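Summary of the model geometry
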Amino acid sequence: MLFDSHAHLNDESFDEDRDELIESLPKNGVDLVVNPASDLETSRTGIQLADKYDFIYAAVGIHPQDVAETEEADIQEIKKMAQENKKVVAIGEIGLDYYYDDVPKDIQRKWLKRQILLANELSLPIIIHDRDAHKDTFDIIKENKSEEIGCVMHCFSGSVELAKEYLKLGCYISIPGTVTFKNSRKVRAVAREIPLDKLLIETDSPYLTPEPYRGKRNNPAHVRYVAERVAEERGISFEEVCDASKANAKKLFRIEE
Ligand code: NI
């Protein structure tokens, strides 16, 4: 029923109860999850989870906050993981994060670009993280992404206008749990105004827990609250949001089941 397009189930906050939690997801209506990586280690552990559970798929890549020490050999390692594992469905999460200033911006831009070129080469879609870096992220995607590969703007925080620019590039927009927050008017406007066939939903577990559980650890079962809120905003049924977001994510990540 529900496809959580972005959950870090290999995060250490799930170390105590990971298997139990994952096994409970199908009963809670979640039947597909993409687990993105943030570095080489989480690329590996994400693949291990995908190997263990049919309904979990993995993405491999290096997050902008983890590229300070990145070298070309790491990119080759990611390439090898993507080529050798059938359940790797994307390169991600990659992008730019100007909120924290511990990784120089030019270094971030360099490795975002490099990883998009890798995705082009492997013909895999990309999962993009953009925090406080809207213009540079857009420019790099526009310049480097080949038309053949898909793209999802994970945890989209931009305006409706920016979302429309991404739609022109063939990108999908993923709506996170912040859509339920009282002060998140911008995300709700995006959730209402983008075409239903370009919309994905996600939890970004263990972060960004939606209402009514805000503040607690997030998990993919909470993607239902994102779907409910999107349905309410658009004036359509919960089932329509579930079906459309799932069909969209399956198309983007080329998952057949
Ligand atoms: Ni994430």
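Refer to the structure printed above.
These lines cover the structure that appears in this document, whether it is placed above or below. Quantities reported herein were computed from a predicted structural model and do not represent experimental measurements. (Residues numbered from 1 in each chain as written. Predicted model: local features only at pLDDT ≥ 70, side-chain atom pairs only at ≥ 80, totals over all residues. Heavy atoms only, no water.)

Below, the discussion takes up the packing of helix 7 (residues 185-193) against helix 8 (residues 223-234). With their axes 9 Å apart at the nearest point, helix 7 and helix 8 run at an angle of 70° to one another. In terms of axis orientation, helix 7 runs roughly perpendicular to helix 8. Read as a crossing pair, helix 7 and helix 8 show a hand that is right-handed. Across from Arg188, Ala191, Arg192 and Glu193 in helix 7, the residues of helix 8 making contact are Arg229, Val230, Glu233 and Arg234. Considered class by class, the residues forming the contact of helix 7 with helix 8 number two nonpolar, no polar and six charged. (Axes fitted to C-alpha atoms, helices over the stretch in contact; angles between N-to-C directions. Helix = DSSP H or I, 4+ residues; strand = E, 2+ residues; numbered from the N terminus. Parallel < 35°, antiparallel > 145°, perpendicular 65-115°, else oblique. Left-handed = near helix turned anticlockwise from the far one by under 90°. Contact = heavy atoms within 4.5 Å. Nonpolar A, V, L, I, M, F, W, Y, C, P; charged D, E, K, R; others polar.)

Attention now moves to the coordination of the nickel ion. Taken together, the protein ligands of the nickel ion are His6 (NE2), His8 (NE2), Glu93 (OE) and Asp204 (OD), with distances of 2.1 to 2.5 Å. Each donor residue of the nickel ion lies on one chain, and together they are spaced H-x1-H-x84-E-x110-D. Placement of the pair is His8 in the loop between strand 1 (2-4) and helix 1 (18-24) and Glu93 in strand 4 (residues 88-97), with a sequence separation of 85 residues. For the pair His8 and Glu93, one class covers both residues: buried. (Donors = N, O, S within 2.8 Å, 3.2 Å for Na, K, Ca; no water. Buried < 20%, exposed > 50% of the residue type's maximum accessible area, 1.4 Å probe, protein only.)

It is at 10 Å that the axes of helix 4 (residues 105-122) and helix 5 (residues 134-144) come closest, and there the two elements cross at 35°. Where helix 4 crosses over helix 5, the handedness of that crossing is right-handed. Residue-level contacts link Arg109, Leu112, Lys113, Ile116, Leu117 and Asn120 of helix 4 to Asp136, Ile140, Ile141 and Asn144 of helix 5. Partitioning the contact of helix 4 with helix 5 into residue classes produces five nonpolar, two polar and three charged.

With that out of the way, let us pick up helix 2 (residues 40-52). Spanning 13 residues, helix 2 covers 19 Å between terminal C-alpha atoms, matching the ideal 18 Å at 1.5 Å per step. Taken together, the buried positions of helix 2 are Leu40, Thr42, Ser43, Gly46, Ile47, Leu49 and Ala50. In this fold, the buried residues of helix 2 make contact with helix 1, strand 2 (30-35), strand 3 (56-60), helix 3 (72-84) and strand 4. (Expected span 1.5 Å × (residues − 1).)

Moving on, we get to the pattern of salt bridges. Scanning the model with the defined rule gives 13 salt bridges in all. Asp31 serves as the salt-bridge partner of Lys246, at 3.0 Å between the closest nitrogen and oxygen. Separated by 215 residues along the polypeptide, Lys246 in helix 9 (residues 238-253) and Asp31 in strand 2 bring together distant segments of the chain. Lys246 sits in the buried class, given a relative accessible area of 15%. One salt bridge in this structure joins Arg44 and Glu41, with 3.4 Å as the shortest N-O distance. Linking Arg44 with Glu41, this pair stays in helix 2, spanning three residues, or about one helical turn. A cluster of three or more residues bridged by salt bridges with shared partners is formed by Arg188, Arg192, Arg229 and Glu233. (Salt bridge = Lys/Arg side-chain N within 4 Å of Asp/Glu carboxyl O.)

Let's shift gears to the pairing of strand 5 (residues 126-131). Counting buried positions along strand 5 gives five out of six residues, so the element sits mostly inside the fold. For strand 4 and strand 5, the ladder comprises five bridges, and the chain directions are parallel. Each residue of the ladder has a partner; that of Asp97, found in strand 5, is Arg131. In this region the chain leaves strand 4, passes through helix 4 and returns to the parallel neighbour strand 5; the handedness of that crossover is right-handed. (Pairing = 2+ DSSP bridges. Right-handed = clockwise from strand over helix to strand, strands pointing away.)

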